[in-house]
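# Understanding the architecture of this molecule
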Amino acid sequence: QSKYDSSKTLISSPADMFANEEGGPEPDWVITEREQFSDFRDLNKDGKMDKDEIQHWILPQDYDHALAEARHLVYESDVDKDQKLTKKEVLDNWNMFVGSQATNYGEDLTRNHDEL
């Protein structure tokens, strides 16, 4: 029988791993992490993350990864800010597109597209 019990709490605030040995104020990243944990991750406000809260954090249902990646590519590459990418804008930023899941890691750039 496994000692792992998925009904048990798996994560408390990641900021709790920080040990301030000097007794001074917490760094900004710890304060931010505590706020993120309290406001967005600990949905039932019990101070811990259960299996459902971890799943919501890692795979949120209301977040479209493809849309976010596409917006990121347009934002970073659209020099004239017209919300349209020209062939030149894509080629000038080829390294960003080659490393993107949105372009199948560059493979889609080798195919003919009407939109380009």
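Bear in mind that the values here come from a model prediction, so they are computed numbers and not experimental data. Each chain carries its own residue numbering, running from 1 in the written order of its sequence. Confidence filtering applies because this is a predicted model: local features only for residues at pLDDT of at least 70, side-chain atom pairs given and counted only at 80 or more, and all residues used for totals across whole chains, interfaces and linings. Values shown for side chains rest on all heavy atoms present in the structure; no hydrogens or waters enter the calculation.

### With respect to the overall build of the protein
On a plain count of helices and strands, the protein comes out with 5 helices and 2 strands. The way it works is that DSSP assigns letters per residue, a run of H or I at least four long becomes a helix, a run of E at least two long becomes a strand, and they are numbered from the N terminus. Reading the helices (α) and strands (β) of the protein from amino to carboxyl end gives β-α-β-α-α-α-α. Of all 116 residues assigned to the protein, the portion counted as buried reaches 18%. In the protein, once contacts between residues fewer than 6 apart in sequence are set aside, the share between residues at least 24 apart is 29%. Summary of the burial criterion: residues with accessible area below 20% of their type's maximum are buried, those above 50% are exposed, and those between are partly exposed, where the area comes from a 1.4 Å probe applied to protein chains only. Throughout, a contact is declared for two residues whenever any of their heavy atoms are within 4.5 Å.

### Regarding the packing of aromatic side chains
The pairing test for Phe, Tyr and Trp rings, Trp by its six-membered ring, is centres within 6.5 Å, and the orientation test on the planes gives stacked under 30 degrees, edge-to-face over 60, and tilted for anything in between. All told, the structure shown has 0 aromatic pairs when counted by the stated rule. Note that K81 overlies the ring of Y75, its terminal NZ or CZ placed 4.8 Å from the centroid. Remark: a charge is flagged as sitting over a ring if the NZ atom of Lys or the CZ atom of Arg is within 6 Å of the ring centre and within 35 degrees of the ring normal.

### Digging into the pattern of salt bridges
Think of it this way: side chains of opposite charge can pair up when their charged atoms draw near. What counts as a salt bridge is simple: a side-chain nitrogen of Lys or Arg found within 4 Å of a carboxyl oxygen of Asp or Glu. In total, this model carries 3 salt bridges according to the counting rule given. Between R34 and E26 there is a salt bridge whose closest N-O contact spans 3.0 Å. Of the residues examined, R34 reaches a relative accessible area of 30% and is grouped as partly exposed. Across the salt bridge formed by E33 and R41, the nearest N and O atoms sit 2.2 Å from each other. Summarising the burial analysis for this pair, E33 and R41 share the class buried.

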